Amino acid sequence: MNETLKAAGHIGAELAAAKADLQREMERHRKTWRQLEQVTGLLREACELIQEQDARIEVDMLPAGRVLMSRIRAALSQQAEPQSSCKWTRDEDTGAYGTACGATWHLIDGGEPEEHGQYYCHHCGKQIDDEGADHE
Ligand SMILES: [Zn+2]
């Protein structure tokens, strides 16, 4: 095997390792996102339950309780909606994608994120909204 082929093989192996790393990273993002959605759902339920009880009980909620409730509501309203996504815009010249969250992503083999099994932005963890891609 000549040196060039060896070098190419080495680069190929490194790329494969990097790709595997990225896929693990995305899977972690996905898990974190799912957990976040679960916790958010539980918090919403807890808020509703507390509100319901508060309406039935004659005694006023403690001021600290009211503050906590308003903080939870504020946090929930800031929480990205489940459908929220990160817009990826493709640069026609370079083929690289600019992400709405400020990263640049170049798919080595070209193509659309979906073809590479990429559904979530590696940078912000939101679902990818790749404009210009042909979706059904
Ligand atoms: Zn993003």
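In this text, all values refer to a predicted model and were calculated from it rather than measured experimentally.

Trainee: What am I meant to see in the overall build of the protein chain here?
Mentor: Assigned secondary structure in the protein chain consists of two helices and four strands. Ordered by position from N to C terminus, the α and β elements of the protein chain give α-α-β-β-β-β. Rg of the C-alpha trace for the protein chain: 23 Å, well past the compact-globule value of 14 Å for 136 residues, more than 25% over. Taken over the C-alpha atoms alone, the protein chain extends approximately 85 × 30 × 25 Å along its principal axes. At a minimum sequence separation of 6, the contacts of the protein chain that also span at least 24 residues come to 50%.

Trainee: Looking at this structure, I do not really get the sheet that holds strand 4 (residues 127–130). What am I missing?
Mentor: The strands that make up a sheet pair up through hydrogen bonds in the backbone, lying either parallel or antiparallel. Here we have four strands laid out as an open sheet, ordered 3-2-1-4, and mixed in their pairing. Either end of the sheet is taken by a strand with one partner, and the two such strands are strand 3 (104–105) and strand 4. Bridging between strand 1 (residues 85–90) and strand 2 (residues 97–99) involves three bridges; their strand directions are antiparallel. Residue pairing for strand 2: Arg-90 is matched across the bridge by Tyr-97.

Trainee: Explain helix 2 (residues 63–78) here, please?
Mentor: An α-helical turn contains 3.6 residues, so any two residues separated by three or four positions project in the same direction. The terminal C-alpha atoms of helix 2, which comprises 16 residues, lie 23 Å apart, in line with the 22 Å expected from a rise of 1.5 Å per residue. Of all the 16 residues making up helix 2, zero are buried; the element is thus mostly uncovered.

Trainee: Which parts of the structure should I look at to understand the domain arrangement of the protein chain?
Mentor: Size of an interface: often given as the accessible area lost when the parts come together. Split by domain assignment, the protein chain resolves into domain 1 (2–78) and domain 2 (85–129). Using C-alpha coordinates to define each centre, domain 1 is positioned 21 Å away from domain 2. Taken together, the eight residues of domain 1 in the interface contact five residues of domain 2. Grouping the amino acids of the side of domain 1 that touches domain 2 by side-chain chemistry returns four nonpolar, two polar and two charged.

Trainee: I would appreciate a short explanation of the environment of Asp-109 in the present structure.
Mentor: For Asp-109, the position within the fold is in the loop between strand 3 and strand 4. The class of Asp-109 is exposed, set by 6 C-beta atoms lying within 10 Å. Expressed as a C-alpha distance, the spacing of Asp-109 and Gly-95, which sit 14 residues apart in the sequence, is 10.0 Å.

Trainee: Explain the confidence of the model for the protein chain here, please?
Mentor: Interpretation of the predicted coordinates at a detailed level should be avoided for regions scoring low in pLDDT. This prediction gives the protein chain a mean pLDDT of 83; 92% of its residues lie at or above 70. Ranking the elements of the protein chain by mean pLDDT puts helix 2 last with 82 and strand 2 first with 92.

Trainee: How should I be thinking about helix 1 (residues 3–56) in this particular structure?
Mentor: For helix 1, spanning 54 residues, the distance from its first C-alpha to its last is 80 Å, which sits close to the expected 80 Å at 1.5 Å a residue. Among the 54 residues of helix 1, zero are classified as buried, and the element is accordingly described as predominantly exposed.

Cut-off values and rules
Residues numbered from 1 in each chain as written. Predicted model: local features only at pLDDT ≥ 70, side-chain atom pairs only at ≥ 80, totals over all residues. Helix = DSSP H or I, 4+ residues; strand = E, 2+ residues; numbered from the N terminus. Rg over C-alpha atoms; globule rule 2.2 N^0.38 Å. Contact = placed C-beta atoms within 7 Å. Pairing = 2+ DSSP bridges. Expected span 1.5 Å × (residues − 1). Buried ≥ 20, exposed ≤ 12 C-beta atoms within 10 Å, placed from the backbone. Domains from an automatic or database assignment. Nonpolar A, V, L, I, M, F, W, Y, C, P; charged D, E, K, R; others polar. pLDDT = per-residue confidence, 0-100.

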